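# Descriptive structure summary
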Amino acid sequence: MQNLTTAAADPIGWHGTTILCVRRDGKVTMAGDGQVSMGQTIVKGNARKVRRIGADGGVISGFAGATADAFTLLERLESKLERYPNQLERACVELAKDWRTDRYLRRLEALMAVADKDRSFTLTGNGDVLEPDDGVIGIGSGGNYALAAARALISVPDISAEEIARRAMQIAADICVYTNGNVIIESL
């Protein structure tokens, strides 16, 4: 029997992370919590799920889902960025096409949030490359909590993208049992 509370908060069925991307005033910040859970047990509290990628570190990425699957996708995205330098959207579309059509990649269970200085995207195994209208992305089990908090905070004047991300991640950690307050931040 499926736990309806978990299903409502995490419709894809993955839990164990929160990734938030906030874009404001020409800055972009991506934040990820550090908790890794196995069932009802916290296995690690300081995992790094947000990192810089690309030849010049000009892209930040965060992932939710199976760790090995996410690292496989990060490597693939890096190779697409090498092939299409300074073309994040094209690299994401090419990865999404491969992810959807390649028999091996189709089985990977992860979501990715990626951003460069100009644009942010969510990538899924369904072939989606989604750019948010408001510059805010939330993925993972606590992603919707962090997303809602960030959207509420974005209307407050004089708060930076990084401060919005920090506050929203703390709110998510207070609500989602699969999210902790050990937050890694990367900004461009």
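The structure this text deals with has already been given above.
These notes cover the structure that comes with them. Remember, predicted model here, so these are calculated numbers, not experimental data.

Our next topic: the pattern of salt bridges. Tallied over the entire structure, the rule returns 12 salt bridges. Its salt-bridge partner being K97, residue E94 comes within 3.2 Å of it at the nearest N-O pair. Of this pair, E94 and K97 both sit in helix 3 (residues 88-101), 3 residues apart, which is roughly one turn of that helix. Overall, the relative accessible area of 44% leaves K97 in the partly exposed class. We note a salt bridge from E131 to R119, for which the minimum N-O separation is 2.8 Å. In this pair, E131 is assigned in the loop between strand 9 (129-130) and strand 10 (136-140) and R119 in the loop between strand 7 (110-115) and strand 8 (120-123), connecting sequence segments 12 residues apart. The partly exposed category is assigned to R119, whose relative accessible area is 29%. The structure contains a network of salt bridges with shared partners spanning R48, R52 and E186.

Let's shift gears to helix 6 (residues 161-175). Helix length check: helix 6, at 15 residues, gives a terminal C-alpha distance of 21 Å against a target of 21 Å (1.5 Å per residue), a fit within 8%. Within the span of helix 6, buried status applies to A161, I164, A165, A168, M169, A172 and A173. Along helix 6, the residues classed as buried sweep out an arc of 165° about the axis, all on the same side. Where helix 6 is buried, its residues meet strand 1 (18-24), strand 2 (27-33), helix 5 (143-153) and strand 11 (183-187).

This part is about the packing of helix 5 against helix 6. Between helix 5 and helix 6, whose axes approach to 8 Å, the crossing angle comes to 140°. In terms of orientation, helix 5 and helix 6 fall into the oblique class. Of the two possible hands of crossing, helix 5 and helix 6 adopt the one that is right-handed. Along the contact surface, helix 5 presents Y145, A146, A149, A150 and L153, while helix 6 presents I164, R167, A168, M169, I171, A172 and I175. Split into classes, the residues belonging to the contact of helix 5 with helix 6 amount to 11 nonpolar, no polar and 1 charged.

Now for the pairing of strand 4 (residues 41-44). Here 3 bridges tie strand 3 (residues 36-38) to strand 4, and the two strands are oriented antiparallel to one another. Paired with S37 across the two strands is I42, which belongs to strand 4. Following strand 3, the chain reverses through 2 residues before pairing antiparallel with strand 4; G39 in that reversal takes a positive phi of roughly 65°.

Accessibility expressed as a relative area gives 16% for E94, which makes it buried. In this structure, the C-alpha to C-alpha distance between E94 and L81, residues 13 residues apart in sequence, is 9.8 Å. Leaving out residues up to four positions away in the same chain, E94 has contacts with K80 and Y84. At 3.2 Å, the side chain of E94 forms a polar contact with the side chain of K97.

Reading guide: rules and limits
Counting from 1, residues in each chain are numbered in the order their sequence is written. Local features in this predicted model are restricted to residues whose pLDDT is 70 or higher, and side-chain atom pairs enter the listing and the counts only when it is 80 or higher, whereas totals over whole chains, interfaces and linings include all residues. Think of the side-chain values as coming from all heavy atoms in the structure, minus any hydrogens and water. A side-chain nitrogen of Lys or Arg and a carboxyl oxygen of Asp or Glu constitute a salt bridge if their distance falls within 4 Å. For helices the rule is a DSSP run of H or I covering at least 4 residues; for strands it is a run of E covering at least 2, with both sets numbered from the N terminus onward. Throughout this description, buried means an accessible area under 20% of the type-specific maximum (1.4 Å probe, protein chains only), exposed means over 50%, and partly exposed covers the range between. To estimate the expected span of a helix, count its residues, drop one, and scale the result by 1.5 Å. Working definition: the arc comes from the directions between the helix axis and the C-beta atoms, pointing outward to the latter. Whether two residues touch is decided by their heavy atoms; if any such pair falls within 4.5 Å, the residues are in contact. Note on definitions: angles span 0 to 180 degrees between N-to-C directions of axes, and those axes are lines fitted to C-alpha atoms, for helices only across the stretch in contact. Throughout this description, any angle smaller than 35 degrees is read as roughly parallel, any larger than 145 degrees as roughly antiparallel, any in the 65 to 115 degree range as roughly perpendicular, and the remainder as oblique. Note on convention: near helix rotated counterclockwise from far helix by under a right angle means a left-handed crossing. Clockwise means right-handed. Note on residue categories: nonpolar means Ala, Val, Leu, Ile, Met, Phe, Trp, Tyr, Cys or Pro, charged means Asp, Glu, Lys or Arg, and polar means any other residue, Gly included. The rule for pairing is simple: two strands pair if DSSP sees at least two bridges between them. Whenever a nitrogen or oxygen atom comes within 3.5 Å of another N or O atom, the pair is scored as a polar contact, on the condition that within protein one atom can donate a hydrogen and the other can accept it, and that pairs from neighbouring residues in sequence are kept only if both atoms are in side chains.

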